[in-house]
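Take a look at the letters that make up each chain.
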Amino acid sequence: MFRTALRNVLAHKARLLMTVLAVMLGVAFVSGTLVFTNTLSNALQNSSAKGFDQVDVAVQARPRDDVGDKIGKTPELTRALLDESAKVPGAASAIGVVTGFTAIADKDGKLVGDGFQSQGGNFWGDKDARYPLKDGTAPRGANQVALDAKTAERTGYQVGDTVRLSVDGPVLTPTVSGIFTTDDGNVAAGGSLALFDTATAQQLFGKVGTYDEIDVKAAAGTSQSALKAALDKALPGDTIETTTGTQLADDQARIIASSMSGLKQGLLVFAGIALFVGTFIIANTFTMLVAQRTKELALLRAVGASRRQVTRSVLIEAFVVGAVAAVTGLVTGIGIGAGLKALLGLLGATVPDGPLIVTPGTVGAALAVGILITMLAAWLPGRRAAKIPPVAAMSSVHATATTKSLVLRNTLGALFSGAGVAVVLAATTMSGSDGQAPMGIGAVLLIIGIFILTPLLSRPLIAAAAPLMRVFGVSGKLARQNSVRNPRRTAATASALMIGLTLITGMTVMAGSLQKSIDKMASSSIRADYVVSMANGMELSPEVAEKLARTTGVTDLSPMRNTPARIDGSTEYLTGVTGSAFGKLTQLPINEGTFAIGGTQVVVDDWTADSHGWKAGSAFTIGYEDGKKQQLTVAGVYEGNEMISGLLVDDGLLAPHRTAADDIGDMQVMVKTSGGATDATKDRLEKALGTNPAIQIRDKKDISNEIASVFTLMLNMLYGLLAMAVLVAVLGVINTLAMSVFERSQEIGMLRAIGLDRKGIKRMVRLESLVISVFGGVLGIGLGVFFGWAAGELIGTTMPTYELVLPWARMAFFLLLAATVGVLAALWPARRAARLNMLAAIKSE
């Protein structure tokens, strides 16, 4: 039986080619994902570990828990603590580390790199072992800065040039004193690093006389653990904690691995979708092979082969196919992993250098996925083949499904579909995250149900195309009849395409609806002409609001400044605003009370009000940072959204309670002008802030365009990832048609003999492919719209502005795409059918 199985694989290698390709693509996706993420993770970890080469033990402040009604303050690392650390037995030296955000503008005034990776720090003394100078000298004074070599190379800055910088808003113009090299992971990943002398860095980052960290270097012969023990003994343990450089590197490696895990899981989900679609092709292929070899299998049964042996022979064939597909998929996946790393570089992302990582786990996963998926998909056709009685098989090539099996299948399909619809509808009545799991379960049940019912659905849906098919005469009529001749085969082929289009359509409906809803939220809740914020999402200096207030044409302005306070025993953040102006800058729906902010009158969003049991007129007590308490009154409850929410308080009430050590910053500043949102007004505001690349000045249109670009990027990425599933579905259509042509060789020969020319044969096969593909497209788009609507209902419970938007143009394009898939997939099978020798085809069995 083993030799028979191998002989069958070699005999049908052409017909198994598409199955190999389908499995290979899925395996390549899996192995490529693992190679790419492992390679990237390893490169980032190695780069990060180099950054800790100069750190034997790091001394950091231990965060204090909140106590009573006072907001807990993190202890400060002072110069005295640094000197004490340097004197500990076993310590060779100690340096203070100061870090913060620093945006660098290139010579064209644009932000260098990603804002989130634009960092600043301090250069310790005249020679800092962390940052070897490549050119120039160490920075001294407020008017000098040193730049990392990669940033200098990208921007063209040299020693002596003036560079434009921004820390929290105002523009600085120091001179480049030196260029240094570094192993800093952010720089290796495409970020920038600017270094000031220690005193300047402390002043700029609001840490005068203190450090973020103290790095201690061990003396020769002293281990990191011994130095850590000595520091723990000498320093106050209740406020200070120490960590070895090795531990810091390990912690950073774990963080990188964790962040890469999300990317890996996301890519593997799409690889799983492609493999799931591939199972339809595998099952279809082996079902057709078994049907075509029914007499052969019956003969084996007649000469003594048992049912198990017949099943095993089919599984051996599947094993060989899976093994070939897995090996070729693994090799292809390694190439994909290397290609993705190179693609990141072409797209402008800087990836640290490192070798391509192919772990034993990757090899094992590729082989296991390829072989197991193929064998599992082939098991049912193999089992079905073994159950065919030898005598019945010898007398009939095609074993038709019994009435009992059809009734059972349709009943199961109806039960699954009904349960799926019921669960999805029930999930739409739930709120937020509570409905996510039920909706996922309902979606899976419905997809399974529709798949089971697809043979039943194929007849009426394909029959609906009959008027159109009549246009093509005999070829059209034959194509329609052929497509419903074997409903199960048609269902399996169409379902592969259905899965991909369901996901694509559902995501398109959700993305379009969300974009419209957020756009509506921005336009309806904001009256301000402009919203000013930092490009990296950090806080603006209060100086920005002061400069804007003095700018010609500004009529109303309000910063949004977060301040921590104690309410009902827990820490919450109050948003300080200009009470007299905020109502003119926003248009928030009021659920109860009035939108009055001033004195001890505050307004609160509906979610916060519900969590505390507040209503209009409710009074509550807060504890400020300075330890004082005050009673506030809820003037009104407004409908919060993703842009504005929480407790809104007049900033004049909060200002007296801020201590000198507090970091005062604005998350954003809302501005209304006399001339409205015009290019001239925006230009005037930008000039007032020194044309700072780190500051965004956005009107409503800019906010909408930014939202649109995010959703467009997200959709394009999803389309790219789901394209693999669609490609696998195309292979399925090609495979089914090619095997169908082989199976119907005698019939095609007879059609040629009675007058149907080669063009008619080609047209028949193409139209059959077109009908099957459009059938899958209609099912996929219909399911996608339903799932998009259901998910939208769930989102609408937390987003009042959500409304369903059906992208008719894109759905028409998806249907056209399904039709195009059908036409292209039929090219080779149609050509093959037309070239069959008429007499040889009639003689074939």
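Heads up: these notes are all about the structure in this document. (Residues numbered from 1 in each chain as written. Predicted model: local features only at pLDDT ≥ 70, side-chain atom pairs only at ≥ 80, totals over all residues. Heavy atoms only, no water.)

Looking now at the overall build of the chain. In terms of regular secondary structure, the chain is built from 28 helices and 25 strands. The burial tally for the chain puts 48% of its 845 residues in the buried class. In the structure as shown, the chain presents an accessible area of about 37,900 Å², 60% of it carried by carbon and sulfur atoms. (Helix = DSSP H or I, 4+ residues; strand = E, 2+ residues; numbered from the N terminus. Buried < 20%, exposed > 50% of the residue type's maximum accessible area, 1.4 Å probe, protein only. Areas by Shrake-Rupley, 256 points an atom, 1.4 Å probe, with all protein chains shown as cover.)

Attention now moves to the packing of aromatic side chains. Scanning the entire structure with this criterion turns up nine aromatic pairs. Between the aromatic rings of phenylalanine 582 and phenylalanine 595, the centroid separation amounts to 6.4 Å while the plane-to-plane angle is 15°, which identifies the pairing as stacked. With phenylalanine 582 in helix 19 (residues 579-585) and phenylalanine 595 in the loop between strand 19 (590-593) and strand 20 (601-605), this pair connects stretches of sequence that are 13 residues apart. Pairwise contacts between aromatic rings join Phe582, Phe595 and Tyr638 into one cluster. (Phe/Tyr/Trp six-rings, centres within 6.5 Å; stacked < 30°, edge-to-face > 60°.)

We now examine a nonpolar patch on the surface. A contiguous nonpolar patch, built from Val327, Val331 and Leu367 and spanning about 240 Å² of accessible area, is present on the exposed surface. Looking at the secondary structure, you find valine 331 in helix 10 (residues 307-346). Take valine 331: its relative accessible area is 56%, and that puts it in the exposed class. (Patch = residues over 30% accessible without salt bridge, like charges linked within 9 Å, V, L, I, M, F, W, Y side chains within 5 Å. Salt bridge = Lys/Arg side-chain N within 4 Å of Asp/Glu carboxyl O.)

Pairing is antiparallel in the open sheet, where four strands are placed in the order 3-14-1-15. What marks the edges here is a single partner per strand, and that holds for strand 3 (91-97) and strand 15 (240-244). Averaged over all pairs of adjacent strands, the angle between their axes in this sheet comes to 25°, without regard to strand direction. Bridge analysis of strand 1 (residues 57-61) against strand 14 (residues 213-218) gives three bridges, and the strand direction is antiparallel. From the neighbouring strand, valine 59 faces strand 14, where its bridge partner is isoleucine 214. Where helix 3 (residues 79-86) meets the sheet, its contacts fall on strand 1, strand 3, strand 14 and strand 15, and the angle it forms with strand 3 comes to roughly 160°. Contacts from helix 7 (residues 224-234) reach strand 1, strand 3, strand 14 and strand 15, with the element oriented near 175° to strand 15. (Pairing = 2+ DSSP bridges. Axes fitted to C-alpha atoms, helices over the stretch in contact; angles between N-to-C directions. Contact = heavy atoms within 4.5 Å.)

On to the sheet that holds strand 5 (residues 103-104), then. Taken in spatial order, the three strands line up as 5-9-10 in an open sheet, and their pairing is antiparallel. In the strand order of this sheet, the two ends are held by strand 5 and strand 10 (171-172), each with one partner.

Turning our eyes to something else, we now look at the pairing of strand 6 (residues 118-123). Of all six residues that make up strand 6, five are buried, and the element is covered over most of its length. Summarising the sheet, strand 4 (residues 99-101) and strand 6 pair through three bridges and their orientation is antiparallel. In the sheet register, phenylalanine 101 faces strand 6, and the bridge partner there is glutamine 119.

Relative to the helices and strands, threonine 362 is located in helix 11 (residues 360-386). Other than its neighbours up to four places away in sequence, threonine 362 contacts Ser31, Leu34, Val35, Asn38 and Leu330.

This paragraph deals with the pattern of salt bridges. For the coordinates displayed, the defined rule picks out 13 salt bridges. The residue lysine 687 makes a salt bridge to aspartate 683 at a minimum N-O spacing of 3.4 Å. With a gap of four residues between them, lysine 687 and aspartate 683 both fall in helix 22 (residues 679-688), about one helical turn apart. Each of Arg561, Asp651 and Asp666 takes part in a single network of salt bridges with overlapping partners.

This part is about the pairing of strand 17 (residues 554-567). Among the 14 residues that make up strand 17, 12 are buried, leaving the element largely enclosed by the rest of the structure. As paired elements, strand 17 and strand 24 (residues 668-673) share six bridges and run antiparallel to each other. The residue bridging methionine 560 from the neighbouring strand is glutamine 668, located in strand 24. One ladder, built from seven bridges, connects strand 17 with strand 18 (residues 570-577); its direction is antiparallel. Counterpart to alanine 565 in the pairing with strand 18 is glutamate 572. Between strand 17 and strand 18, which pair antiparallel and follow one another directly, the connecting turn spans two residues, one of which, aspartate 568, has a positive phi of 55°. Pairing of strand 17 with strand 21 (residues 619-623) involves two bridges; the strand directions are antiparallel. For arginine 566, the partnering residue across the bridge sits in strand 21 and is glycine 623.

With that settled, the discussion passes to the environment of lysine 107. Among the secondary structure elements, lysine 107 is positioned in the loop between strand 5 and strand 6. Judged by its relative accessible area of 53%, lysine 107 is exposed. When the C-alpha positions of lysine 107 and valine 163 are compared, they lie 7.9 Å apart, and in sequence the two are 56 residues distant. With residues near it in sequence (within four places) discarded, lysine 107 still touches Thr155, Gly156, Tyr157 and Asp161. Polar contacts involving the side chain of lysine 107 include one to the main-chain carbonyl oxygen of glycine 156, which spans 3.0 Å. (Polar contact = N/O pair within 3.5 Å; in protein donor to acceptor, adjacent residues only side chain to side chain.)

Three or more residues of helix 24 (residues 745-753) are buried, namely Ser745, Ile748, Gly749, Leu751 and Arg752. One face of helix 24 carries all of its buried residues, which in axial projection span an arc of 160°. Of the residues one or two after helix 24, glycine 755 is the one with positive phi, at around 120°. (Arc of directions from axis to C-beta.)

For the structure shown, the criterion picks out two cavities of 30 Å³ or more. Counted as a void, the second largest cavity has a volume near 30 Å³. Together, Phe280, Ile281, Asn284, Ala492, Thr493, Ala496, Ala729, Gly732, Val733 and Thr736 line the second largest cavity. Contributing elements (two or more residues each) for the lining of the second largest cavity: helix 8 (245-292), helix 17 (487-525) and helix 23 (700-743). Broken down by element, the residue count for the lining of the second largest cavity peaks at four residues, all from helix 23. Here the lining of the second largest cavity is built from residues that sort into six nonpolar, four polar and no charged. (1 Å grid on protein atoms, 1.4 Å probe; cavity = no way out; pocket = protein on both sides within 12 Å on 5 of 7 lines; lining within 4 Å. Points joined across faces, edges and corners; volume = space filled by probe spheres on them. Nonpolar A, V, L, I, M, F, W, Y, C, P; charged D, E, K, R; others polar.)

Looking now at the packing of helix 16 (residues 473-483) against helix 25 (residues 758-796). The geometry of helix 16 relative to helix 25 is characterised by a closest axis approach of 8 Å and an angle of 45° between their N-to-C directions. Classed by the angle they form, the pair helix 16 and helix 25 counts as oblique. Where helix 16 crosses over helix 25, the two elements pack in a sense that is right-handed. Residues Ser475, Gly476, Leu478, Ala479, Asn482 and Ser483 of helix 16 form the contact with helix 25, whose participating residues are Gly760, Arg763, Met764, Leu767, Glu768, Val771 and Ile772. Along the lines of polarity and charge, the residues of the contact of helix 16 with helix 25 split into six nonpolar, five polar and two charged. (Parallel < 35°, antiparallel > 145°, perpendicular 65-115°, else oblique. Left-handed = near helix turned anticlockwise from the far one by under 90°.)

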